[in-house]
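# Examining the three-dimensional arrangement
Here are the chains, one letter per residue:
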Amino acid sequence: MSTTPTLNGQVVGLAHYATRAVLERELAPTGTSFPQALALNAVANAGGTLDRSRLVDRMTGTLKIDAAAVLATIAELAEADLVRVLPADDARVDLTDAGRARQPRIAELSAGIAGRVYADIPAADLAVAARVLTLVTERANAELAAARG
């Protein structure tokens, strides 16, 4: 007889790392890392151009990494000709044609994984899980912000 574990950080982490590992496996043939995929998605979701500072803020907040790691990811994407950093008062990151071609493939891979992993889970259960995990994220982010002062 199996028992359902109590929701805690370990259970959430196991789910995250398991699905992330599936995505990273599927991203590998595209030559795109997980952080690169998130950056490409963020720029694409902003219409193809995003202020570099906003991208850095978004990725540091999402991945809980420092700005230097995000800037290194942006540099990797620029070196791969997937983005251009456009000079301006506040530099912007712009998808190149190659970036515009790759990003939909990344989104397709991610959607396919979600479709398989979440298949047959009742919508009501997914809604409850989303509400609970959103609240946990908000509380953890508040703790981090309070620790920063």
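Refer to the structure above for everything that follows.
These lines cover the structure that appears in this document, whether it is placed above or below. (Residues numbered from 1 in each chain as written. Predicted model: local features only at pLDDT ≥ 70, side-chain atom pairs only at ≥ 80, totals over all residues. Heavy atoms only, no water.)

On to the packing of helix H1 (residues 9-27) against helix H2 (residues 34-45), then. Across the interface, H1 lies against H2 with an axial gap of 10 Å and an inter-helix angle of 85°. Comparing the axis directions of H1 and H2 gives the class roughly perpendicular. Taken together, the residues of H2 that come into contact with H1 (itself represented by Arg20, Leu23, Glu24 and Leu27) are Phe34, Pro35 and Ala37. The residue inventory of the contact of H1 with H2, partitioned by class, reads five nonpolar, no polar and two charged. (Axes fitted to C-alpha atoms, helices over the stretch in contact; angles between N-to-C directions. Helix = DSSP H or I, 4+ residues; strand = E, 2+ residues; numbered from the N terminus. Parallel < 35°, antiparallel > 145°, perpendicular 65-115°, else oblique. Contact = heavy atoms within 4.5 Å. Nonpolar A, V, L, I, M, F, W, Y, C, P; charged D, E, K, R; others polar.)

Right, let's talk about the nonpolar core for a bit. Ranked by size, the top nonpolar core spans 22 residues in total, and within it Leu40 and Leu55 carry the most contacts. Of all the secondary structure elements, the ones that give two or more residues to this core are H1, H2, helix H3 (52-63), helix H4 (67-79), strand E3 (92-95) and helix H5 (97-117). When residues of this core are assigned to their parent elements, the largest contribution, six residues, is made by H2. Discounting residues that sit within four places of it in the chain, Leu55 has contacts with Ala39, Ala42, Val43, Leu50, Val70, Ile74 and Val93. (Core = buried A, V, L, I, M, F, W, Y, C linked by side-chain atoms within 4.5 Å. Buried < 20%, exposed > 50% of the residue type's maximum accessible area, 1.4 Å probe, protein only.)

This paragraph deals with the pairing of E3. Pairing of strand E1 (residues 49-51) with E3, which is carried by three bridges, proceeds in the antiparallel orientation. By the bridge assignment, Asp51 is partnered in E3 with Arg92. Judged from the four bridges that link them, strand E2 (residues 83-86) and E3 form a sheet pairing that is antiparallel. From the neighbouring strand, Val85 faces E3, where its bridge partner is Val93. (Pairing = 2+ DSSP bridges.)

Between H3 and H4, the least distance of the axes is 9 Å, while the angle of their chain directions is 120°. If you check the angle between H3 and H4, you find them oblique. Crossing angle aside, the handedness with which H3 passes H4 is right-handed. On H4, the residues that touch Arg52, Leu55, Val56, Met59 and Thr60 of H3 are Ala67, Val70, Leu71, Thr73 and Ile74. A class-by-class count of the residues in the contact of H3 with H4 yields seven nonpolar, two polar and one charged. (Left-handed = near helix turned anticlockwise from the far one by under 90°.)

The rolling of a water-molecule-sized probe over the atoms marks out the regions of remaining empty space. In this model, the largest pocket occupies a volume close to 1,500 Å³. In this structure, the largest pocket is lined by 37 residues; those nearest its centre are Val12, Ala15, His16, Thr19 and Leu133. (1 Å grid on protein atoms, 1.4 Å probe; cavity = no way out; pocket = protein on both sides within 12 Å on 5 of 7 lines; lining within 4 Å. Points joined across faces, edges and corners; volume = space filled by probe spheres on them.)

By themselves these figures say nothing about function.
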